[in-house]
Amino acid sequence: MPMVVGVVAGVAVAAVLVLIGVFKMMWRVAEPNEALIISGSKHRTEGLEEGMGFRIVTGRGTLVLPGVQAVRKLSLDLNETELHVDCVTHQGIPLKVRGVVIFKVGDDFVSIANAARRFLDQQKLMAERVHNVFAGHLRSIVGGLTVEDMIRDREKLTGQTRAACGTEMEKLGLIVDSLQIHEIEDPTGYIQNLAMPHAAAVQRDARIAQAEANRLATEAEQQSFARMAEATRDSEILQAGYQAERDKAAAKARQAGPLAEAGARQEVVVQETRVAELEAHRREQQLQADVRKPADAQAYEKRTLAEAERDARISAAQAKARETELAAAAEATRVKTAAGAEAEATRTRGTAGAAATRATGEAEAAAAQARGLAEAEAVKARGLAEAEAIKARAAALAENQEAVVAQQLAENWPEIVRAGASAFGNVDNMVLLNGAEGMSELFAKALTMGGTGLGLARQLLASMNQEGSPDRNGRTTAGTSSLNGLASPPPAQRVPVDEK
């Protein structure tokens, strides 16, 4: 019985070991940097065409039937290929481009499938194939560029190369992690010749900078020497000053005795001079009290009397001028009053004439007989009014002839001015040498002529008044006739009578 148990246990253990061995033979695990390509049965993988005939496993384990399915590994590690490409630029200049391409199989199933179909048994040739792809596109891109473009913008060359190779690399199932252009060799020396002007400019700037630095260094050295000489000079000057002070102190020590004696004598002279000044001041004060003060008092008295006399004369002159001014104002008031009375009489005559004319019109409207009577009454009233006016004018002339003459001249002043201005009627052109001032002077002269005429009229009236003598009735003979002729209103001022 124990033997049977031992046999059963041994068989069970053997079976377990066999199962473990079989499972281990069938179980395959994909490493992180590889993909398992399992073929031998129909599989369908997401993203791949149906019926590809193989299955892709990445990052996990799977069961594989030995003898039925085949398992192969595709590396997902990075790969590197060196680029050594001979190119010709758009300018026809040959160049050698050196670079490196770092690539790998894509992580997606489509890229892994494409790479497995092309490189599963030829993974060592993958770098060569990639080199050929990049070399062809790089020659094509360089052929469209100039040397200057490649030098100044290598990133542009790199980007165009990656873009041109992208489609083909995708078909191969590869992705480019990095593309670097390391070097551009120029067998003809074109690039070196391009750099020569810039190198010459840099050398020139360097030489200029060096010369400027040398100049500044020389100036600094000279300034340093100058400061050293200045310090030496200052030191010698200070030493000389100290020596002079020592010599001066020794001389003062030697002269101390004579100087003390001279100082004592100087003090005596100063005191004597002060006494003399005080004596002179006392004499001056005495002269001020005895002579100058009385003279100033007499001069002040005379000046005060002269100012008082001058003020009295000024006051008398001002009083006389005021008296004359008041007399002139009174005369002007009297003349103005007389002229106002004459103007009032003239307005009264005008009013009476207007009333007579209105009455005449009304009478004509009433009847022809009444018109004749009214006309007679009007003529009678006009005659009486004229007689009264002549009488009043004669009385006013006898009382104040200047006022009457002024009133007559005022009434006829427009005609007088018009007659005076007629002298300029025949003048075509008049030249005034001093502009507005000349015109003002011309009008002033014209007004002066009018004033002169007024004076002549007054003189004539005074002479006529002196020649005439009063009769028994108080009337003058020659003078009265002249006055009547002067005082009578002109025919143009008489009130017309309508004859309708």
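Each remark here, short or long, concerns the structure printed above.
Note that the coordinates shown come from a computational prediction; the quantities given were computed from them, not determined experimentally.

**Concerning the sheet that holds strand 2 (residues 34-39)**
(1) Moving on: A sheet is described by the order of its strands in space; here three strands give the open sequence 3-2-5, paired in antiparallel fashion. Strands with a single pairing partner mark the edges of an open sheet, and in this sheet they are strand 3 (54-58) and strand 5 (70-75). Neighbour-to-neighbour, the strand axes of the sheet open up by a mean angle of 25°, direction not taken into account.
(2) Moving on: Of the pairings in the sheet, the one linking strand 2 to strand 5 comprises six bridges and is antiparallel in character. Bridge pairing in strand 5 places Ile38 opposite Val71.
(3) Moving on: On the sheet, helix 2 (residues 109-119) packs against strand 2, strand 3 and strand 5 and is oriented at approximately 120° with respect to strand 3.

**Considerations on a nonpolar patch on the surface**
(1) Moving on: Together, Val13, Val16, Leu17 and Ile20 give the surface a local cluster of nonpolar side chains, amounting to about 370 Å² of exposed area.
(2) Moving on: Mapped onto the secondary structure, Val16 falls in helix 1 (residues 2-26).
(3) Moving on: A relative accessible area of 45% means that Val16 is categorised as partly exposed.

**What about the pairing of strand 6 (residues 79-88)?**
(1) Moving on: In this sheet, strand 7 (residues 94-105) lies alongside strand 6 in antiparallel orientation, the contact comprising ten bridges. What sits directly across from Leu83, in strand 7, is Gly99.
(2) Moving on: Counting the residues between successive antiparallel strands, the hairpin from strand 6 to strand 7 contains five residues, one of them, Gly92, with a positive phi of roughly 85°.

**Things to note about helix 3 (residues 126-143)**
(1) Moving on: Over its 18 residues, helix 3 runs 26 Å from end to end, which matches the ideal 26 Å to within 8%, given 1.5 Å per residue.
(2) Moving on: For helix 3, the complete set of buried residues consists of Met126, Val130, His131, Val133, Phe134, Ala135, His137, Leu138, Ile141 and Val142.
(3) Moving on: Tucked inside the fold, the buried residues of helix 3 contact strand 6, strand 7, helix 2, helix 4 (147-152), helix 5 (154-171) and strand 8 (174-185).

Thresholds, definitions, all that
- Residues numbered from 1 in each chain as written.
- Predicted model: local features only at pLDDT ≥ 70, side-chain atom pairs only at ≥ 80, totals over all residues.
- Heavy atoms only, no water.
- Pairing = 2+ DSSP bridges.
- Helix = DSSP H or I, 4+ residues; strand = E, 2+ residues; numbered from the N terminus.
- Axes fitted to C-alpha atoms, helices over the stretch in contact; angles between N-to-C directions.
- Contact = heavy atoms within 4.5 Å.
- Patch = residues over 30% accessible without salt bridge, like charges linked within 9 Å, V, L, I, M, F, W, Y side chains within 5 Å.
- Areas by Shrake-Rupley, 256 points an atom, 1.4 Å probe, with all protein chains shown as cover.
- Salt bridge = Lys/Arg side-chain N within 4 Å of Asp/Glu carboxyl O.
- Buried < 20%, exposed > 50% of the residue type's maximum accessible area, 1.4 Å probe, protein only.
- Expected span 1.5 Å × (residues − 1).

Without other data, these values stay purely geometric and don't point to any function.
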